[in-house]
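Survey of secondary and tertiary structure
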2 protein chains.
Amino acid sequence: MTAQDSTTGRPTARRRVVLSREAILEAAMRLCSPEGGGVLTFSRLGKELGADPTAVYRHFRDKDDLVLALTAMLIEEAEAQVDRAALSHDQWREWLTATARTVRAVHLARPALAVLAANRTTASPAETESVEEIIGVLHRAGLPPVEAAECYRMLIDLTLAFVQSTAAFLILEPEVQAKDDAAWAVKYGLLPAEQFPLLHAGSARLTELFRNDDEVFELVLETFLDGVGLKIERARSGG
Amino acid sequence: MTAQDSTTGRPTARRRVVLSREAILEAAMRLCSPEGGGVLTFSRLGKELGADPTAVYRHFRDKDDLVLALTAMLIEEAEAQVDRAALSHDQWREWLTATARTVRAVHLARPALAVLAANRTTASPAETESVEEIIGVLHRAGLPPVEAAECYRMLIDLTLAFVQSTAAFLILEPEVQAKDDAAWAVKYGLLPAEQFPLLHAGSARLTELFRNDDEVFELVLETFLDGVGLKIERARSGG
DNA sequence: ACCTGAACACCGTTCAAGT
DNA sequence: ACCTGAACACCGTTCAAGT
């Protein structure tokens, strides 16, 4: 599916392409998805744009500038996708769950970007409004503003930390991932029940959870939110 | 502190150095610490060993093989450092806290390795015994084996996810880190109190927590363990 | 048996040359 | 004004040559 001249049928010779920030960002986003090959390099970006790889430097100072612009796009995409309409403001738990799941899903749709973006900070206005909203939900649930801000921070860091870890594994080459599978099989495959009675009893569940980052994240999120629920109960009875 | 010929005082010319797996792993560990420069490349490894960079290939099949061997070392180091002597078996919370803190600290002492190791699996016997022990502590606290195994998995994934995120930021170049600081200042520096009343009220706390990954991790760990505590209570009253 | 060093395909980035 | 392409300093890795 390479670019072709529709009149001659021959591949078009590369000639001064017109680029823009938007076109570059769009092409970069495509490259970062699993279908796009999942690697972001200037070489691949140039090929995707039909331009010389170094042409990108006329629009972004360096790769990190490009990454930060892509990070901002990702955050705004996540903001736009959180389904607030279905939620009333007293459903603090559902609200936080929806936010965490959406942020995670949007990042994991582009693992090659997520691994570069998940621990960066950008000054996105859309995000600021979302933060106020989440803190508002926690405040109305009973937490004082400072504690609500703490819980917001914990939730977002928890989510992005798991994103980074999962994304970093996803971009490893298949043969490397296979080595981890093999190591796991050795580790939990033949546990002598006498020596490791409890581990042996739980090993079926551990095997289920292995390489099942979605389910582990859901479990952690629920357990964490149980802890937040305790904070809220304490704040309500204390105040 | 470069190698010198003690009789002539001149730098020794590079001549067939004798290498071993142990010497290579030791040198690699040094490179991965912040003092060691914090980057693991064959070039730097060769320089550290006083040998040609490609000599390492006579002892490890490729870089990933080296990384996995280093990962196993890291896990065993963490195992050895967890202070079990001070803990009785009924202190499930202290036990889990000590494990999480130690695993995190050992990894963050080598950020350049942690970023490669935190989401990998190795078949280390020492770790298997530690897993049995932690599951045992949770079981004695009241959880059935399967739920205990789940909690172990959540704790270790939570810890390593935060490790990966923090380590990935630590190995960024200082100028890049500075960009994040600047973005944060823009984001939370001048929040109009009318528009963002709750965020404004909590912004001092958020600023305290910014780039303070140690404290955020402690807060998340406590909240998560509160959630585990609820599971234990439920299991006790239910059974 | 195992270390050396040239070589290769890839990175990000710079800069003079083109249009 | 902005795209091209040679060039550079780095990556990991292979392989023939040395000892």
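The sections below set out a description of the structure shown in this document. (Residues numbered from 1 in each chain as written. Chains lettered and ligands numbered in written order. Predicted model: local features only at pLDDT ≥ 70, side-chain atom pairs only at ≥ 80, totals over all residues. Heavy atoms only, no water.)

Between chain A and chain B, the contact holds 66 residues from the first and 66 residues from the second. When chain A packs against chain B, close to 5700 Å² is buried across both sides, 65% of that on carbon and sulfur atoms. Scanning the region where chain A abuts chain B turns up twelve salt bridges. We note a salt bridge from Asp65(A) to Lys179(B), for which the minimum N-O separation is 3.0 Å. At the boundary of chain A and chain B, one finds 26 residue pairs in polar contact (both at pLDDT 80 or more). Broken down by element, the side of chain A that touches chain B gets its largest block of residues, 15 residues, from helix α7 (residues 145-170) of chain A. Here the side of chain A that touches chain B is composed, by residue class, of 35 nonpolar, twelve polar and 19 charged. (Contact = heavy atoms within 4.5 Å. Buried area = accessible area lost by both parts, 1.4 Å probe. Salt bridge = Lys/Arg side-chain N within 4 Å of Asp/Glu carboxyl O. Polar contact = N/O pair within 3.5 Å; in protein donor to acceptor, adjacent residues only side chain to side chain. Helix = DSSP H or I, 4+ residues; strand = E, 2+ residues; numbered from the N terminus. Nonpolar A, V, L, I, M, F, W, Y, C, P; charged D, E, K, R; others polar.)

Tracing the chain through its elements places Arg205(A) in helix α9 (residues 197-209). Classification of Arg205(A) as buried rests on a relative accessible area of 13%. Of the polar contacts made by the side chain of Arg205(A), one reaches the side chain of Glu150(B); its length is 2.7 Å. The residues touching Arg205(A), leaving out its near neighbours within four places in the chain, are Glu215(A), Leu219(A), Val146(B) and Glu150(B). (Buried < 20%, exposed > 50% of the residue type's maximum accessible area, 1.4 Å probe, protein only.)

All right, on to the relation of the copies chain A and chain B then. Least-squares fitting of chain A to chain B yields an RMSD of 0.0 Å, with the superposition described by an axial translation of 0.0 Å and a rotation of 180 degrees. Within this description, the copies of the chain are treated as partners about a two-fold rotation axis. Of all interface residues in chain A, 100% are interface residues in chain B too; the two copies therefore contact each other through one and the same surface. (Least-squares fit on C-alpha atoms with pLDDT ≥ 70 in both.)

Before going further, it helps to spend a moment on the nonpolar core. Membership of the largest hydrophobic core comes to 147 residues, with the highest contact counts inside it found for Leu45(A), Trp92(A), Leu138(A), Leu45(B), Trp92(B) and Leu138(B). Once residues within four sequence positions are removed from consideration, Trp92(B) is found in contact with Val137(B), Leu138(B), Ala141(B), Leu225(B), Val228(B), Gly229(B) and Ile232(B). (Core = buried A, V, L, I, M, F, W, Y, C linked by side-chain atoms within 4.5 Å.)

With that settled, consider the protein's contact with DNA strand C. Of all residues adjacent to DNA strand C, which total 20 residues, the nearest are Arg16(A), Lys63(A), Val17(B), Asp52(B) and Thr54(B). Between DNA strand C and the protein, one listed contact pairs a phosphate oxygen with a backbone N or O atom of Phe42(A) at 3.0 Å. His59(B) has a polar side-chain atom sitting 3.0 Å from a phosphate oxygen of DNA strand C. Among the residues forming the surface near DNA strand C, the class breakdown is seven nonpolar, five polar and eight charged. (Near = heavy atom within 4 Å.)

A full pass over the atoms with the stated rule returns 39 salt bridges over all chains. Two residues, Arg61(A) and Asp62(A), come together in a salt bridge whose shortest N-O distance is 4.0 Å. Overall, Asp62(A) belongs to the partly exposed group, its relative accessible area being 25%. Here Arg153(B) and Asp157(B) are joined by a salt bridge, their closest N and O atoms 2.5 Å apart. In this pair, Arg153(B) and Asp157(B) are both assigned in helix α7 (residues 145-170), four residues apart and thus about one turn of the helix distant.

This part takes up the protein's contact with DNA strand D. If you check the shell around DNA strand D, you find 20 residues, and the closest are Val17(A), Asp52(A), Thr54(A), Arg16(B) and Lys63(B). Here DNA strand D approaches the protein such that, of its atoms within 4 Å, sugar and phosphate make up 57%. A distance of 2.8 Å is found between a base oxygen of DNA strand D and a side-chain nitrogen or oxygen belonging to Thr54(A). Within the side chain of Arg16(B), an N or O atom sits 2.5 Å from a base nitrogen of DNA strand D. Here the residues of the surface near DNA strand D are counted per class, giving seven nonpolar, five polar and eight charged.

A rise of 1.5 Å per residue sets the reference length of helix α9 (residues 197-209) of chain B, with its 13 residues, at 18 Å; its end C-alpha atoms lie 19 Å apart and thus fit the reference within 8%. Approximately 50 degrees is the largest bend angle found in α9(B), and it occurs at Ser203(B). Among all positions of α9(B), only Leu198(B), Leu199(B), Gly202(B), Ser203(B), Arg205(B), Leu206(B) and Leu209(B) are buried. Where α9(B) is buried, its residues touch α6 (125-141) and α7 of chain A together with α8 (174-189) and α10 (213-238) of chain B. Directly beyond the C-terminal end of α9(B), a positive phi value near 60 degrees is found at Arg211(B). (Expected span 1.5 Å × (residues − 1). Bend = angle between axes of the 7 residues up to and from the residue.)

With that settled, consider helix α3 (residues 63-81) of chain A. The α-helix winds at 3.6 residues per turn, so residues separated by three or four positions along the chain end up facing the same way. Its 19 residues place the ends of α3(A) 27 Å apart at the C-alpha level, agreeing with the 27 Å of an ideal helix rising 1.5 Å per residue. Looking only at α3(A), the buried set comprises Asp64(A), Leu66(A), Val67(A), Leu68(A), Ala69(A), Leu70(A), Thr71(A), Ala72(A), Leu74(A), Ile75(A), Ala78(A) and Glu79(A).

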